Amino acid sequence: MATDTTPRTSGAARRPTGTLSAREGMARQYDYWLTVYKRTWRGGVVSSFATPLFYVVAMGVLLGGFIDADPATLEGATSYLAFVVPGLVASHAMTIAVSESTYPVMGAIKWHKTFFAQLATPLAVRDLVNAFVGFVVFRVASACAVFMLVLAPFGVFESWWGPVLAWVSQVLVGTAFALLAFGYSARLRSEEGFGVLFRLGVLPLTLFSGAFFPITNLGPVLEWVARLTPLWHGVSLSRMFCLDTVDWSLAAVNLTVLVVLSVLGWFWAVSGLDKRLEV
Amino acid sequence: MISARGLRKSFGDFEAVKGIDVDVRKGEAFGFLGPNGAGKSSTMRMIASVSPVTSGELRILGMDPATDGPAIRGRLGVCPQEDTLDNELNVFDNLYIYGRYFGIDRATCRDRAHELLEFAQITEKAKAKVEDLSGGMKRRLTIARSLINNPEVLLLDEPTTGLDPQARHVLWDQLFRLKQAGVTLVITTHYMDEAEQLCDRLVVMDKGLIAAEGSPRELIDAHSTREVAELRFGVGEHEALAEKIEDLGERVEVLPDRLLVYSDHGEEVLAAVLDRGLQPIATLVRRSTLEDVFLRLTGRSLAD
């Protein structure tokens, strides 16, 4: 038994002398992530761009062709395609963020132990989280940007500045979900937990957060459940900006939720990795 | 270089290190010798400034890991027990990118990586994938990587575990060259031959405590006889036969497969055993090693 123990401070709170600035900590890992990107970007193109394209064609164009709804029931969209695109891209941002922050995080802890190697250098836990999530957010941002550009000629956007702000909100969705998934993965002992996350987290959120149909269709109770999900706030922002139907007070709430989740997610990710790597 | 006083490490109720005092001097090769679970690796991780000290005092290069962790880590090299090479990067990039973590500029990193590939004798593998390397090459690459920042102290946790004898000798030779170059080495091992080969001074650790401290020679002189006679009899006979010969040496140890008779004159012990009409299946007279020191201090062999 330990006779006396000094209180442990978490990596997030501790600021030892010689600690790198957040910027320097990220900069030192730039070459690493650049090398990873050079090696993996081709595969990323397929999953990041092709998958949502399939969705748009299947759901937006082909299935949407059967939907002849009054714009009032489609939150102001003139077609189902214009309705579904902003939601699809937002939910795609979540999917990329979660996928890139699950198995790769466990790999870096458990299989390849790259985090342990990195931590033997002046880098600290928070630097590892910042660079890792920074890379995921870059992946999300580039995938969403290309996707929004590809969709521009299809007449689904109502202004030039709206899609830019929609893209920012999609990136914010990616940031929040990357950090939350990172924190979850850092605490997970076995990869079986990812099945639960994808089946009971990602899939229901994708289907019921208003990406494919207005959440008012869910009925009053489920509608409020949907409003509490983090993805809905991203879908709501993305759609309001794309369709130029911005309700600024709602947008402020949506934005606040995503920012607060990102901040909480950062502490959750750093504390999770800090505990996990202390052996 | 390193000084510890009353150093402890606990994980919940389990106390891995139970209060040790250690001093490592500049330029020496210092060893932690002990069986698995002795607390060596926990001690090493505290020295590497990645695992917080539970209690006691620890100073590395004059700094406190609790407040100066990043500064200390910038001047240490760490070769962990398990390979933590990045399998997704090639051999050269493993060195180059690791150097970048220390804030070394790109050109210097490249030069240094080439030098270290040379040092580790894996230059021709520079573009190879890590997973295509042999176990010995991976270990040499790990050591090369730990040298990328020109560390003042190199920490090696079980550096040759799992390597074949030839690969071990190549590695020992490289570590010896580093020592000649003035790098302070801190090594944990459960191989007594490794400790004898490499260490100027070592501590024997057991159950989280230091059982003895000194140079390999001093430890052997203090805790064992000059020679050991090993006698192998039939299975199950050793316990009973030990009583018949216990007067022949200073001490007799009964192991499952043999008897060890400690004496300064091993050959005389053998002759006396045969005189008593005992017929061992196999015999051997050898010099005492750190293994014998450990057996004497803990009552157990290092392999336990």
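Along each chain, numbering runs from 1 in the same order as the chain's sequence is written. The order in which chains are written sets their letters, starting at A; the order in which ligands are written sets their numbers, starting at 1. Since the coordinates come from a predicted model, pLDDT governs what is reported: local features require at least 70, and pairs of side-chain atoms require 80 or more to be given and counted, while whole-chain, interface and lining totals use all residues.

Chemist: Whenever I open this one, the overall build of chain A confuses me. Can you help?
Modeler: Secondary structure counts use DSSP, requiring at least four H or I residues in a row for a helix and at least two E residues in a row for a strand, with both numbered from the N terminus. Helix and strand counts for chain A stand at 11 helices and zero strands. Against the compact-globule benchmark of 19 Å for 279 residues, chain A has a radius of gyration of 20 Å, which places it among compact chains. Principal-axis analysis of the C-alpha atoms gives chain A an extent of 70 × 40 × 35 Å. To sort residues by burial, count the other C-beta atoms lying within 10 Å of each one's C-beta; a count of 20 or more means buried, 12 or fewer means exposed, and anything in between means partly exposed. C-beta atoms are built from the backbone. Evaluated residue by residue, chain A yields a buried proportion of 48% over its 279 residues. We call two residues in contact when their backbone-placed C-beta atoms lie within 7 Å. Taking the intrachain contacts of chain A between residues at least 6 apart in sequence as the baseline, contacts between residues at least 24 apart amount to 82%. Throughout, radius of gyration means the C-alpha value; the globule benchmark is 2.2 Å times the number of residues raised to the power 0.38.

Chemist: Even after reading the chapter, I still don't get the overall build of chain B, so can you show me in this structure?
Modeler: Scanning chain B for helices and strands turns up 11 helices and 13 strands. Over its C-alpha atoms, taken along the principal directions, chain B stretches across nearly 75 × 45 × 35 Å. With 304 residues in all, chain B has 46% of them scored as buried. Intrachain contacts of chain B at a sequence separation of at least 6 include 67% that bridge at least 24 residues.

Chemist: Please clarify how the packing of helix H8 (residues 216–223) of chain B against helix H11 (residues 290–298) of chain B should be interpreted in this entry.
Modeler: When two helices pack together, their arrangement is given by the angle between the helix axes and the distance between those axes. Residue and element names in this part refer to chain B. In the contact formed by H8 and H11, the axes pass within 9 Å of each other and the chain directions differ by 50°. Overall, the two elements H8 and H11 adopt an arrangement that is oblique. By crossing handedness, the relation of H8 to H11 is classed as left-handed. Here H8 contributes Pro216, Leu219, Ile220 and His223 to the contact with H11, which in turn contributes Leu290, Val293, Arg296 and Leu297. The residue makeup of the contact of H8 with H11, split by class, is six nonpolar, one polar and one charged. Each axis is a line fitted through C-alpha atoms, taken for helices only over the stretch in contact, and angles between the N-to-C directions span 0 to 180 degrees. Angles are sorted into four bins: roughly parallel if under 35 degrees, roughly antiparallel if over 145, roughly perpendicular if 65 to 115, and oblique for all others. Crossing handedness is read from the near helix: turned anticlockwise from the far helix by less than a right angle, it gives a left-handed crossing, and turned clockwise, a right-handed one. By the convention adopted, Pro, Cys, Tyr, Trp, Phe, Met, Ile, Leu, Val and Ala count as nonpolar, Lys, Arg, Asp and Glu as charged, and the other residues, Gly among them, as polar.

Chemist: Help me understand the domain arrangement of chain B, please; the structure alone is not making it clear to me.
Modeler: Think of interface size as the accessible area that goes away when the parts come together; that is how it is often given. Reported domain spans reflect what an automatic or database domain assignment gives. When the domains of chain B are assigned, the result is domain 1 (2–215) and domain 2 (225–287). Placing the centre of domain 1 of chain B and that of domain 2 of chain B at their C-alpha centroids yields a distance of 39 Å.

Chemist: Quick question: what am I supposed to make of the nonpolar core here?
Modeler: Generally speaking, soluble globular proteins have nonpolar side chains that are buried together. Definition of nonpolar core: a set of buried Ala, Val, Leu, Ile, Met, Phe, Trp, Tyr and Cys residues joined via C-beta atoms within 7 Å. Of all hydrophobic cores here, the largest spans 154 residues; its most connected members are Val85(A), Ala97(A), Phe182(A), Ala269(A) and Leu155(B). Among the elements that line this core, the one with the most residues is helix H6 (residues 125–151) of chain A, at 15 residues. Excluding residues that lie within four positions of it along the chain, Leu155(B) makes contacts with Met44(B), Ile47(B), Ala48(B), Leu76(B), Gly77(B), Val78(B), Cys79(B) and Val186(B).

Chemist: It is not clear to me how the pairing of strand S13 (residues 282–287) of chain B should be interpreted in this structure. Could you clarify?
Modeler: All names here are of chain B. Among the six residues in S13, zero count as buried, and that is only a small part of the element. At least two bridges found by DSSP between two strands is the condition for calling them paired. Relative to S13, strand S10 (residues 227–232) is paired through six bridges, and the arrangement is antiparallel. Within S13, the position partnered with Glu230 by the bridge is Leu284.

Chemist: Help me out: how do you make sense of the sheet that holds S13(B) in this one?
Modeler: Across a sheet, paired strands are connected by hydrogen bonds in the backbone, their directions being either parallel or antiparallel. Residues and elements named next belong to chain B. The four strands lie next to each other as S11-S12-S10-S13, forming an open sheet whose pairing is antiparallel. Each end of this open sheet is capped by a strand with a single partner; those strands are strand S11 (251–254) and S13. This sheet shows a mean twist of 20° between the axes of neighbouring strands, independent of strand direction. Of the pairings in the sheet, the one linking S10 to strand S12 (residues 259–263) comprises five bridges and is antiparallel in character. Bridge assignment links Val228 to a residue of S12, and that residue is Tyr262. Across the face of the sheet, helix H9 (residues 238–245) comes into contact with S11 and S12 while running at roughly 175° to S11.

Chemist: Got a minute to help me understand the confidence of the model for chain A in this structure?
Modeler: For any part of a model where pLDDT is low, the fine detail of the predicted coordinates should not be relied upon. Residues and elements named next belong to chain A. Per-residue confidence for chain A gives a mean pLDDT of 88; residues scoring 70 or more make up 94%. When the elements of chain A are averaged for pLDDT, helix H2 (residues 30–63) gives the smallest value, 83, and helix H7 (residues 161–187) the largest, 96. Summary of the metric used: pLDDT quantifies the predictor's per-residue confidence within the range 0 to 100. Low pLDDT (under 50) marks residues 1–14, which in the prediction has 25 contacts with non-local residues, meaning those over four places away or in another chain.

Chemist: Honestly, the interface of chain A and chain B in this entry has me stumped. Any pointers?
Modeler: Listed per partner, the contact involves 32 residues of chain A and 31 residues of chain B. Listed by contribution, the elements that provide at least two residues to the side of chain A that touches chain B are H2 and helix H5 (114–119) of chain A.

Chemist: Could you clarify how one ought to interpret the sheet that holds strand S7 (residues 184–189) of chain B in this entry?
Modeler: Residue and element names in this part refer to chain B. Spatial ordering of the open sheet is given by S5-S6-S7-S3-S8-S9, a layout of six strands whose pairing is mixed. Looking along the sheet, the strands with just one partner apiece sit at the ends: strand S5 (76–79) and strand S9 (209–214). Put simply, the sheet's adjacent strands are angled 15° from each other on average, direction ignored. Bridge analysis of S5 against strand S6 (residues 153–157) gives four bridges, and the strand direction is parallel. Note that in S6 the partner of Cys79 across the bridge is Leu156.

Chemist: Looking at this model, I keep getting lost on the environment of Leu250(A). Mind explaining?
Modeler: Residues and elements named next belong to chain A. One can find Leu250 in helix H11 (residues 248–277). Judged by the 13 C-beta atoms lying within 10 Å of it, Leu250 falls in the partly exposed class. Between the C-alpha atom of Leu250 and that of Ala58, which follows or precedes it by 192 residues, the distance is 30 Å.

Chemist: Where do I start with the environment of Ala242(B) in this structure?
Modeler: All names here are of chain B. Mapped onto the elements of the fold, Ala242 is located in helix H9. With 17 C-beta atoms counted inside 10 Å, the residue Ala242 sits in the partly exposed group. Separated by 18 residues in sequence, Ala242 and Leu260 place their C-alpha atoms 9.1 Å apart. Contact partners of Ala242, with chain neighbours within four places excluded, come to Val252, Val254 and Leu259.

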